[in-house]
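In case you want the letters, here they are:
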Amino acid sequence: MRIVSSFFLMVLPNPDFGANGAMIYADCGVVIEPNANQLAEIAIASADNARALLNVEPRVAMLSFSTKGSADHPWVEKVVEATKTIRARAPELLVDGELQLDAAIVPKVADSKAPGSPIGGRANVLIFPSLEAGNIAYKLTERMAGATAIGPILQGLDRPCNDLSRGCKAEDIVDAVAITAVQAQARKAHQ
């Protein structure tokens, strides 16, 4: 990876979303305005972390305010270009974009807005087009849906390394240590 980014492991009380209620949200804490190539790298790194932490096949949604060309704007084009880059670099990865959130996480909406989508409204990795969008989304999910937000967890480094905020609680330290240990084990398994 050529870029350091971050993700939050979101644990929702509703098991209908993501991987039995667990999802990866990226980037919510490091890269403010990623370009298309950076967005692709964030998505690939996040998918790797979904495999390691959630023990699932990642289903990556490249989020936008547009679904499959419903809007024409440079911000939409950035997400479309990032999706093409991911498909070229990681053709085995289940990824789709550009998608609005509802088409990414609700199968019935995906059937209508994005028929034939490889993730079919069952995304477990959400890639936001900017830090602004990702940061707002994780806080909305945490506060309004009652989710647990674990992170930010760093990715894209040669070795696992994570940070804690000044106001962290003891459980935040335990979570960070556990995730860092899993990242280290996953790295070792891929050597």
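Our subject in this report is the structure included herewith. (Residues numbered from 1 in each chain as written. Predicted model: local features only at pLDDT ≥ 70, side-chain atom pairs only at ≥ 80, totals over all residues. Heavy atoms only, no water.)

1. What to know about the sheet that holds strand E2 (residues 22–26)
(1) Moving on: Taken together, the 6 strands give an open sheet; going across it, the order is E4-E3-E5-E2-E1-E6, and neighbouring strands pair in mixed fashion. Of all the strands in the sheet, the pair left with one neighbour each is strand E4 (94–99) and strand E6 (148–155). Shown here is a sheet whose adjacent strand axes are inclined to one another by a mean of 20 degrees, direction ignored.
(2) Moving on: Pairing geometry for strand E1 (residues 5–11) and E2, over 5 bridges, is antiparallel. Its bridge partner lying in E2, Val11 is registered against Ala22. (Pairing = 2+ DSSP bridges. Helix = DSSP H or I, 4+ residues; strand = E, 2+ residues; numbered from the N terminus. Axes fitted to C-alpha atoms, helices over the stretch in contact; angles between N-to-C directions.)

2. Re unusual backbone geometry
(1) Moving on: Put simply, Ala26 and Asp27 share a cis peptide bond, and its omega is -20 degrees.
(2) Moving on: Of note, the bond from Gly97 into Glu98 is cis; its omega dihedral lies within 30 degrees of zero at 5 degrees.
(3) Moving on: With respect to the element layout, Glu98 can be found in strand E4.

3. Quick notes on the nonpolar core
(1) Moving on: Formed by 30 residues in total, the largest nonpolar core has its most connected members in Leu9, Ile24, Leu54, Val60, Met62, Ile86 and Ile127.
(2) Moving on: If we ignore the near neighbours within four places in the chain, the residues touching Leu54 are Leu9, Ala19, Ala22, Ile24 and Asn49.
(3) Moving on: Within the second largest apolar cluster, 21 residues are counted, among which are Met23, Leu126, Phe128 and Ala149. (Core = buried A, V, L, I, M, F, W, Y, C linked by side-chain atoms within 4.5 Å. Buried < 20%, exposed > 50% of the residue type's maximum accessible area, 1.4 Å probe, protein only. Contact = heavy atoms within 4.5 Å.)

4. Overview of helix H2 (residues 74–89)
(1) Moving on: Along its 16 residues, H2 runs 22 Å from first to last C-alpha, staying within 8% of the 22 Å computed at 1.5 Å per residue.
(2) Moving on: Taken together, the buried positions of H2 are occupied by Val76, Lys78, Val79, Val80, Ala82, Thr83, Thr85 and Ile86. (Expected span 1.5 Å × (residues − 1).)

5. Digging into the pairing of strand E3 (residues 59–63)
(1) Moving on: Of all 5 residues making up E3, 5 are buried, and the element is well covered by its neighbours.
(2) Moving on: Here E3 shows two buried faces, one formed by Arg59, Ala61 and Leu63 and the other by Val60 and Met62.
(3) Moving on: As paired strands, E3 and E4 are joined by 5 bridges and run parallel to one another. Its bridge partner lying in E4, Leu63 is registered against Leu99.
(4) Moving on: Handedness of the crossover joining E3 and E4 through H2: right-handed.
(5) Moving on: Pairing of E3 with strand E5 (residues 125–127), which is carried by 3 bridges, proceeds in the parallel orientation. When the bridges of E5 are listed, Met62 appears paired with Ile127. (Right-handed = clockwise from strand over helix to strand, strands pointing away.)

6. A few points about helix H6 (residues 170–189)
(1) Moving on: Taking 1.5 Å of rise per residue, 20 residues should cover 28 Å, and H6 covers 29 Å from first to last C-alpha, within 8% of that figure.
(2) Moving on: Within H6, burial applies to Ala176, Ile179, Gln183 and Ala186. Along H6, the residues classed as buried sweep out an arc of 90 degrees about the axis, all on the same side. Structural note: H6 exposes Ala170, Val174, Val177, Gln185, Lys188 and Ala189 on the side pointing more than 90 degrees away from its buried face. (Arc of directions from axis to C-beta.)

7. Quick notes on the side chain of Lys78
(1) Moving on: Along the chain, Lys78 turns up in helix H2.
(2) Moving on: Summary of buried charges: Lys78 has no salt-bridge partner, and the nearest side chain of opposite charge, Glu33, is 4.0 Å away.
(3) Moving on: Lys78 has contacts with Glu33, Pro34, Asn35, Ala36, Leu39 and Pro129, leaving out every residue within four places of it along the chain. (Lys, Arg positive; Asp, Glu negative; His and termini not counted. Salt bridge = Lys/Arg side-chain N within 4 Å of Asp/Glu carboxyl O.)

8. Remarks on the state of the cysteines
(1) Moving on: Under the defined criterion, the tally for this structure stands at 0 disulfides.
(2) Moving on: Counting only cysteine sulfurs, Cys161 is the nearest neighbor of Cys28, a cysteine outside any disulfide, at a range of 18 Å.
(3) Moving on: Take Cys28: its relative accessible area is 2%, and that puts it in the buried class.
(4) Moving on: Free cysteine: Cys161, not disulfide-bonded; nearest cysteine sulfur from Cys168 at 14 Å.
(5) Moving on: Take Cys161: its relative accessible area is 39%, and that puts it in the partly exposed class. (Disulfide = S-S within 2.5 Å.)

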